[in-house]
Amino acid sequence: MIHSVEPKVTPALRGIPLSVLDRSRTRQGQSHAQALRETVRFARQAEALGYRRFWVSEHHSVPGVAGSAPTVLAAAVAAATSRIRVGTGGVMLPNHRPLVVAEQFGVLEALFPGRIDMGLGRSVGFTDGIRRALGRDKEAAEDFGAQLAELLGWFTGDQRVHPEVHAWPAEGLRPPAFVLATGSGAEHAAALGLPLVIGAVRGEDPMLRAVERYRAGFRASAWSTEPYIVVSAGAAAAATPRDARRLLLSEAWSSAYSRTHGAFPPLLPTAEVEALEMTERERGYFDAALEGQIHGTGDEVAAELGALVGRTGADEVMLTTSTFDRAELLGSFSRLAAAAGIGAPADAL
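Scoring rules and cut-offs
Residues numbered from 1 in each chain as written. Predicted model: local features only at pLDDT ≥ 70, side-chain atom pairs only at ≥ 80, totals over all residues. Heavy atoms only, no water. Helix = DSSP H or I, 4+ residues; strand = E, 2+ residues; numbered from the N terminus. Rg over C-alpha atoms; globule rule 2.2 N^0.38 Å. Buried < 20%, exposed > 50% of the residue type's maximum accessible area, 1.4 Å probe, protein only. Contact = heavy atoms within 4.5 Å. Areas by Shrake-Rupley, 256 points an atom, 1.4 Å probe, with all protein chains shown as cover. Polar contact = N/O pair within 3.5 Å; in protein donor to acceptor, adjacent residues only side chain to side chain. pLDDT = per-residue confidence, 0-100. Expected span 1.5 Å × (residues − 1). Arc of directions from axis to C-beta. Core = buried A, V, L, I, M, F, W, Y, C linked by side-chain atoms within 4.5 Å.

### Thoughts on the overall build of the chain
Move 1: For the chain, the helix and strand inventory stands at 13 helices and 11 strands.
Move 2: For the chain, the C-alpha radius of gyration of 20 Å lies close to 20 Å, the compact-globule estimate for 349 residues.
Move 3: With the C-alpha coordinates aligned to their principal axes, the bounding extent of the chain is approximately 65 × 45 × 40 Å.
Move 4: Looking at the chain residue by residue over its 349 residues, the buried ones come to 50%.
Move 5: Contacts spanning at least 24 positions in sequence make up 74% of the contacts within the chain whose residues lie at least 6 apart.
Move 6: For the chain, the accessible surface area stands at approximately 15,800 Å², while carbon and sulfur atoms represent 53% of it.

Set out below in structure tokens:
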């Protein structure tokens, strides 16, 4: 008879929801179509593991990312799942007309009531060519606050930018709206009374200062009565810390390559990354990409995530990890779910 071992639950993470942001990363030798189908499959697995949310992202003309139409992909994910919340991390509002974004999320909320999250960012295309193709320029991001207010107004029926126009079926619906803390995102989230999603992209100290500004400036709204913070982090768990660190190498190399060659590539197998002869500049970016990434056994990573929650006062953790081997990626998420006490072990899937 085989006896299962009850996983040790990390006290600091007890009661803290864990969520997933999947960017539909492409992998060497695989197509963009395969990456999108794998995202939908991963969402079903995340749901079975007990994760609260599954978000998808918006990137344009990026070889290593298949996720270019997040609301379309969110619809596929929501249709393939039944309980997990589904959303975007995020729709880049400067790339779109607020009316169209409202209509898209209105359709999603109408079809999957109570399960849709509207994650919104202020980034524009990374290159001049992408921005021209989108009909936008760098300055479009400066209007994010006004765009965000207009978008919310399409749901409440209070927008006055376009009188006598209605965003059916969005008007009257209220999918939760989250703001990604890029640029002045924290200030906009506070002013409009919206939840904030933030990570230590530029280091932990700037992140903590942004969290303080958000809390200090938060104004209760019909969307949220009190501050709500989702902290995002890259984290990998495996049987040993060394094995866990290896899970992070493929993404770190893609990041280093993009900084030195101007294009974000598909993920390479871990063994190929380990065998690369990097230039000094590539090695510098590679090592920098690994800094701040949490890795270790499930219990060790859960403890570090719990400490991060303690430092930020976050209400939720969103994991953003990517690696080449999808079985290893699922194993990592399974170990973290078990250590946090949110769901079933991997062998139950």
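Now that the structure has been shown, we can carry on.
### Side note on the side chain of T321
Move 1: Following the sequence through the fold, T321 ends up in the loop between strand 11 (316-319) and helix 13 (326-340).
Move 2: Side-chain polar atoms of T321 contact the backbone oxygen of A235, separated by 2.5 Å.
Move 3: Leaving out residues up to four positions away in the same chain, T321 has contacts with G234, A235, A236, L248, L329 and F333.

### Digging into the confidence of the model for the chain
Detailed reading of predicted coordinates is not advised where the pLDDT is low.
Move 1: Looking at the chain as a whole, its pLDDT mean stands at 92, while 94% of the residues score no less than 70.
Move 2: In the model, residues 1-6 has pLDDT below 50 throughout and makes 0 contacts with residues more than four positions away in sequence or in other chains.
Move 3: Predicted confidence for residues 345-349 stays below pLDDT 50, and this span has 6 contacts to residues more than four positions away or in other chains.

### A look at helix 12 (residues 298-312)
Move 1: Between the first and last C-alpha of helix 12 there are 21 Å, a value that for 15 residues agrees with the 21 Å anticipated at 1.5 Å per step.
Move 2: Inspection of helix 12 places G298, V301, A302, L305, G306, L308, V309 and T312 among the buried residues, and these make up the whole buried set. Seen along its axis, helix 12 keeps its buried residues to an arc of 155°; they face one direction.
Move 3: Against helix 7 (204-217), strand 8 (229-233), strand 9 (235-237), strand 10 (294-296), strand 11 and helix 13 lie the buried residues of helix 12.
Move 4: Just past helix 12, the residue G313 takes up positive phi, approximately 70°.

### Things to note about the environment of T39
Move 1: Following the sequence through the fold, T39 ends up in helix 1 (residues 32-49).
Move 2: Residues T39 and V179 lie 140 residues apart in sequence; the distance between their C-alpha atoms is 23 Å.
Move 3: With sequence-adjacent residues up to four places away left out, T39 is seen in contact with D22, S24, F54, V56, L73, V77 and R326.
Move 4: A polar side-chain atom of T39 sits 2.6 Å from a polar atom in the side chain of D22.

### Comments concerning the nonpolar core
Move 1: In terms of nonpolar packing, the biggest core is built from 71 residues, with Y51, F54, M118 and L305 touching the most fellow members.
Move 2: With 7 residues, the top contributor of residues to this core is helix 13.
Move 3: Discounting residues that sit within four places of it in the chain, Y51 has contacts with L18, S19, V20, A46, I84, L319, F333, L336, A337 and I342.
Move 4: L247, A252, W253 and L290 belong to the second largest nonpolar core, which has 12 residues in total.

### Focus on unusual backbone geometry
Move 1: The peptide bond linking G89 to G90 adopts the cis configuration, its omega dihedral lying at 0°.
Move 2: Among the secondary structure elements, G90 is positioned in the loop between strand 3 (85-88) and strand 4 (91-92).
Move 3: Residue P169 follows W168 across a cis peptide bond; omega there is 0°.
Move 4: Looking at the secondary structure, you find P169 in the loop between helix 5 (144-156) and strand 6 (177-180).
Move 5: Even without a glycine there, the phi angle at S24 is positive, about 55°.
Move 6: The residue S24 is located in the loop between strand 1 (18-22) and helix 1 in this model.

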